[in-house]
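Here's the letter readout for the chains.
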Amino acid sequence: MATSPVEYTIGGVKIHFPCKAYPSQLAMMNSIIRGLNSGQHCLLESPTGSGKSLALLCSTLGWQQAHLLEDKSQSDKTCGDDKKSDVSTPCQCVCHGRVSSTTANSQTAARPAVVDLTVSPCKELTQPLPPAPRQSKSFSALSFICAANHRSVFVFFSFQSPEPCSRCPCASAKDGVKDKDGDGKKKIPKIFFGTRTHKQITQITHELKRTVYSRVPMTILSSRAHTCVNVEVAPHFNRNERCKDLLEGRSCRYYHGVQRMRDQRTLQRVHGLHDAWDIEDFVALGKRIRSCSYYAARELKQEASIIFCPYNYLLDPMIRESMEIDLKGQIVILDEAHNIEDCARESASYTLEHHSLLMSRDELDGMVNNNIRRSKHESLRDFCYSLINWIQESQSLMSERGYESACKVWNGKDVLGIFHNMGITADTFNNLKKNLAAVLEKEERGSINGKEEMVQVPTISSATSIVLKNLFMVLGFIYSSEDNCRVAEDYRIALQKSYAWTNHVPPDMPDAQGFVRPHHRQRQSARVKTEVLTLSFWCLNPAVAFSDFRKSVHSIVLTSGTLSPMGSFSSELGVKFSIQLEANHVINKSQVWVGTVGEGPQGRKLRATFQHTETYAFQDEVGALLLHVCQVVAKGVLCFLPSYKMLDKLRERWTNTGLWKKLEQRKAVITEPRGGGKGDFDELLQKYYDAIAYCEDDRALLIAVCRGKVSEGLDFTDDNARAVITIGIPFPNIKDLQVELKMKYNDQHCKSRGLLPGHRWYEIQAYRALNQALGRCIRHKNDWGALILVDDRYRNNPNKYITGLSKWVRQLVQHHGTFNDAMESLMAFSQRQQKVGAAPADSQALSSTVSSPNGGPGLPNASDPQTPHSCVKPPESQQDTSPSAFHFFSQSPAGEAENITQTGGHGVFDGDYFMQRIETYLLL
């Protein structure tokens, strides 16, 4: 059944929503509009399956559209009446609105204020705001009849007279809205929508198609691996270098055709891409009209209102420079941002292999010897020589660390002193950057036959260019003059030595006559042990990467289904998130079973610490527990382990004891691979879905690893995940050098910079990984499933180990004293849900469709949270027969009246239900 779109007015912004919004979506849209109106940053957690993608898209695009319309109307008014341009205009911000008049002669209309559906966790927002001077309020009341039960509902709101304001956008608007182009028009912020992977972009654009905003100018920035259509380039691993070589030779016919799809009008009117498109659509078009989709997408960025890309494109300064991304005054949305701290640190870090540095030195030496831009290449070569000599001298300082590994670690400040002794200072570094920029220029002025013309000049390879660019990127942070090299304290430089086994094919040897004859048979390759030296510049403060744009962007919106615990984001990223939200789930409590299990079928305690997991008793008990769950829960079961090492140990043990065979008799057993290509992983995942969809006993067990591919962003809707089992708590490897250094860094700066102590940071990393794994289950409003947390620490110390779980999970946790009690409760839950049968999908879920990567059924869209797989019934109509408009108002902690307006739809409005959900959110 088709659903009617609904129009909401939040904070003076009309938002067109494709269907009736969940309360969590209203809460999220309200928070976003507040942030955009005031230029503040938002930190929003909304459980997977609660429709956060739609809320993100509709609220931000609605806000952007409102500003475009406002700008257009102001331009029209200015053109029509230039003489009245000096007349002051009353404030039209969210804090103020024109006073509504009840007389017939009134020409002004009030703008509604901002609504709060939930109490913000932010302390600043819960404190009463100081009243503006000489404010006068006029109060009105509105009543309407709920068609569902003919009850009168009275709601109250207030409007304030236009007075100067010190806390709203009219007084302190961000540069992105206030800045003007040369023609005097406002610069309306673009929306940069960052996701964790390219695949998630496809799911977001799929949601965008469902909205009235589906025709906004857009583009998707991605790598050549996803968008290159040249058959001479795309299949090869070094496609970047091949592409650049073709462009230099001007021999890529696809690049010459880029103008055929480089503007939005041509895409829509000529090529038929009227609605939101994904990467596959764009690449298919590029192949059809023989045009380069990679460069066309970059060209479309100029006209686009919303730009989708993986969020490392926004964090990494090297990629931003390469893609020519300017974030000043723009709106930055980072979805699935639970890993944003790690990504920010990585984007400001770089690990250099000693072998790559030697090759760069040799290439620069060749440029000097061939007298090509000699002085500039010479300074870069000398820089490489200095690093190489320092590495060689420092090897004697390395200390043993584990088996066949050694390291030496310096503080960033210490390295500045070492570099100074080598002649590398802030001034000489600036000269090095200029020299690098100069040698990368492919043309320079030269004299030919007495005439001055631009001539081609040989340049260094892309490999050497990447080495130098990345080194200079890191040193650029360290030598930052803005903070007087304070950032150097945020770096640790580690020289590490390890050994790697490589396959070495012996060369052809001369025969008795001295001739070298190639072997026609394939020769046996020998395993050779080689030494590997790496020099790592590790940034331990993610705020370093955020410092590039956090002060210049209009607003940053971080969102995910698993941001909890949320306490570390502000301190770690150096960003004040004035607006925070932990939204409730859209499901009923009866639809999910959350229980902790501290012992196995034999009564042995289960605590997944290193000492216990190495024992056969623990491994056998976990195996027996998993077999029991597979017997109780039908359809798909996911089991997440802390590491690949444990996965290997359990599989080996269960194979030897015969338990693996018993599991295979109950379900098709599939394990997540440690590595492998994307195609191999998709094929394995398809086997899992097919086992559930098509096999006679339609049952499967997928054993995966926290922080692996399965736990991040994949959608296991309905029967694909009726139970999620997590074994232990996935703490990071405490012996990892980076983890150790990060913990010490936090302990050192926890008081001076407000960072979390090292042990607390360490625990949060485990809970975020755990919450991600638990989020694979319950993907839409009518889904159901069980979450089984296996470890006795949950019950023994709930204040420590339960508080880190997502809000919607920790509210439902039940501790079971014995294994039998847990299984009896789980069995009763599973049987009860199976009797209910396939629940009818709600209006949001019905609008989505699913498809496999191979075009067949079975594989769900990876993070499409509102797409059920099971049989569905049309939702019960709750629409009226005539258009309606109704307002809901709440009194904020600051004493301000706030409202949200919903308009449209044919059918009955359930006033009791909606008001009850709004009141629930206000009380949370």
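Residues numbered from 1 in each chain as written. Predicted model: local features only at pLDDT ≥ 70, side-chain atom pairs only at ≥ 80, totals over all residues. Heavy atoms only, no water.

### Quick look at the overall build of the chain
- A count of helices and strands for the chain gives 35 helices and 27 strands.
- Counting over 924 residues, the chain shows a buried share of 52%.
- Here the contacts in the chain between residues at least 6 apart in sequence split such that 77% fall between residues at least 24 apart.
- A total of about 42,200 Å² of accessible surface is found on the chain, and carbon and sulfur atoms cover 49% of it. (Helix = DSSP H or I, 4+ residues; strand = E, 2+ residues; numbered from the N terminus. Buried < 20%, exposed > 50% of the residue type's maximum accessible area, 1.4 Å probe, protein only. Contact = heavy atoms within 4.5 Å. Areas by Shrake-Rupley, 256 points an atom, 1.4 Å probe, with all protein chains shown as cover.)

### Considerations on the side chain of aspartate 783
- Here aspartate 783 lies in the loop between α29 (758-774) and β24 (785-790).
- For aspartate 783, a relative accessible area of 0% puts it in the buried group.
- Every residue in contact with aspartate 783, bar those within four places of it in the chain, is listed here: Gln591, Phe716, Thr717, Asp718, Arg722 and Ile778.

### Considering unusual backbone geometry
- Phi angles above zero are rare outside glycine, and arginine 290 is one such case at about 55°.
- According to the relative accessible area criterion, arginine 290 is partly exposed, its value standing at 42%.
- Although it is not a glycine, isoleucine 778 sits at a positive phi angle of roughly 65°.
- Residue position: isoleucine 778 is located in the loop between α29 and β24.

### Let's talk about the pattern of salt bridges
- Applying the stated criterion across every chain, the model contains 29 salt bridges.
- Among the salt bridges present, the one from lysine 649 reaches glutamate 614, with a minimum N-O distance of 3.5 Å. Residue lysine 649 is located in helix α25 (residues 644-657), and its partner glutamate 614 is located in the loop between α23 (610-613) and α24 (616-632); the two are separated by 35 residues in the primary sequence.
- The partly exposed category is assigned to lysine 649, whose relative accessible area is 29%. (Salt bridge = Lys/Arg side-chain N within 4 Å of Asp/Glu carboxyl O.)

### With respect to the packing of aromatic side chains
- The tally for this structure, following the rule as stated, stands at 16 aromatic pairs.
- Taking the centre distance of 5.1 Å and the plane angle of 80° together, the rings of tyrosine 255 and tyrosine 295 count as edge-to-face. In this pair, tyrosine 255 is assigned in helix α9 (residues 253-256) and tyrosine 295 in helix α12 (residues 293-300), connecting sequence segments 40 residues apart.
- Residues phenylalanine 429 and tyrosine 479 carry aromatic rings whose centres are separated by 5.4 Å and whose planes lie at 25° to one another, so their mutual orientation is stacked. (Phe/Tyr/Trp six-rings, centres within 6.5 Å; stacked < 30°, edge-to-face > 60°.)

### Considering the nonpolar core
- Judged by nonpolar contacts, the single largest core of 144 residues is most densely connected at Phe308, Ile340, Tyr491, Phe546 and Leu558.
- Counting residues per element, this core draws most heavily on helix α20 (residues 462-478), at nine residues.
- Setting aside its immediate chain neighbours within four residues, leucine 558 contacts Cys42, Leu43, Leu44, Leu334, Ala337, Ile340, Leu563, Phe569, Leu573 and Phe577.
- Counting 43 residues, the second-largest nonpolar core is a separate cluster that includes Val594, Val710, Val724 and Leu789. (Core = buried A, V, L, I, M, F, W, Y, C linked by side-chain atoms within 4.5 Å.)

### Topic: the packing of helix α17 (residues 374-394) against helix α19 (residues 426-439)
- Packing of α17 against α19 leaves a shortest axis separation of 9 Å and a crossing angle of 125°. Classified by the interaxial angle, the pair formed by α17 and α19 is oblique. Handedness of the crossing formed by α17 with α19: left-handed. Within the contact between the two elements, α17 uses Lys376, His377, Ser379, Leu380 and Phe383 and α19 uses Leu432, Asn435, Leu436, Ala438 and Val439.
- Partitioning the contact of α17 with α19 into residue classes produces six nonpolar, three polar and one charged. (Axes fitted to C-alpha atoms, helices over the stretch in contact; angles between N-to-C directions. Parallel < 35°, antiparallel > 145°, perpendicular 65-115°, else oblique. Left-handed = near helix turned anticlockwise from the far one by under 90°. Nonpolar A, V, L, I, M, F, W, Y, C, P; charged D, E, K, R; others polar.)

### As for the sheet that holds β24
- Taken together, the seven strands give an open sheet; going across it, the order is β21-β22-β20-β23-β24-β19-β25, and neighbouring strands pair in parallel fashion. A single partner strand is all that each edge strand has here, and the edge strands are β21 (668-671) and β25 (813-816). Ignoring which end each strand starts from, the neighbouring axes of this sheet average 20° apart.
- Where strand β20 (residues 636-641) and strand β23 (residues 723-727) come together, four bridges link them in parallel fashion. Bridge pairing in β23 links valine 637 to alanine 723.
- On top of the sheet, α25 reaches β20, β21 and β22 (700-705); it is set at about 140° to β22, its chief contact.
- Against the sheet, α29 touches β20, β23 and β24, its axis set at about 155° to β23. (Pairing = 2+ DSSP bridges.)

### A closer look at the sheet that holds strand β3 (residues 42-45)
- An order of β7-β8-β6-β9-β17-β3-β18 is seen for the seven strands of this open sheet, with the pairing classed as parallel. Of all the strands in the sheet, the pair left with one neighbour each is β7 (218-220) and β18 (579-582). Averaged over all neighbouring strand pairs, the angle between strand axes comes to 15°, with direction disregarded.
- Bridge count for β3 against strand β17 (residues 555-560) is four bridges, and the pairing is parallel. Across the sheet, the residue bridging to leucine 43 is leucine 558, located in β17.

### A short note on the environment of lysine 497
- Relative to the helices and strands, lysine 497 is located in strand β15 (residues 491-504).
- Sequence-wise, lysine 497 and valine 532 are 35 residues apart; in three dimensions their C-alpha atoms are separated by 5.7 Å.
- With near-sequence residues (within four places) excluded, lysine 497 lies in contact with Met398, Glu404, Ser405, Ala406, Glu531, Val532 and Leu533.

### What about α24?
- With 17 residues, α24 ought to run about 24 Å at 1.5 Å a step, and its terminal C-alpha atoms sit 24 Å apart, in line with that.
- Taking burial as the measure, the 17 residues of α24 include twelve buried ones, the bulk of the element.
- What α24 keeps buried is the set Phe618, Gln619, Glu621, Val622, Gly623, Ala624, Leu625, Leu626, Leu627, Val629, Cys630 and Val632. (Expected span 1.5 Å × (residues − 1).)

### Details of the pairing of strand β6 (residues 191-195)
- Most of β6 sits out of view: five of its five residues are buried.
- Side chains Ile191, Phe193 and Thr195 project from β6 onto one buried face, and the interleaved Phe192 and Gly194 project onto a second face that is buried too.
- Pairing of β6 with strand β8 (residues 306-310), which is carried by five bridges, proceeds in the parallel orientation. Along β8, the bridge assignment pairs isoleucine 191 with isoleucine 306.

### Some words on α19
- Compared with an ideal rise of 1.5 Å per residue, which puts 14 residues at 20 Å, α19 spans 20 Å between its outermost C-alpha atoms and is within 8% of the ideal.
- All of the buried residues in α19 are Phe429, Leu432, Asn435, Leu436 and Val439. Take α19 and look down its axis: the buried residues cluster within an arc of 115°, on one side only. Turned more than 90 degrees away from the buried face of α19, the exposed residues are Asp427 and Lys434.
- Here the buried face of α19 lies against α17 and α20. (Arc of directions from axis to C-beta.)

### Points about the confidence of the model for the chain
- The share of residues in the chain with pLDDT of 70 or more is 74%, and the mean pLDDT across the chain is 77.
- Taking the mean pLDDT of every element in the chain, the minimum, 31, falls on strand β5 (residues 152-160) and the maximum, 95, on β23.
- Every residue in residues 846-924 is under pLDDT 50, and counting partners more than four places away or in other chains gives 232 contacts. (pLDDT = per-residue confidence, 0-100.)

### Description of the packing of α19 against α20
- One can describe the packing of α19 onto α20 by two numbers: an axis separation of 11 Å at closest approach and a directional angle of 150°. The orientation of α19 with respect to α20, classified from their angle, is roughly antiparallel. Crossing of α19 against α20: the hand is left-handed. Along the contact surface, α19 presents Phe429, Leu432, Lys433 and Leu436, while α20 presents Leu468, Lys469, Phe472, Leu475 and Gly476.
- Taken together, the residues that form the contact of α19 with α20 break down as six nonpolar, one polar and two charged.

### Description of the state of the cysteines
- Within the structure shown, the criterion is met by zero disulfides.
- Lacking any disulfide linkage, cysteine 19 is separated from the closest cysteine sulfur, that of cysteine 58, by 8.5 Å. (Disulfide = S-S within 2.5 Å.)

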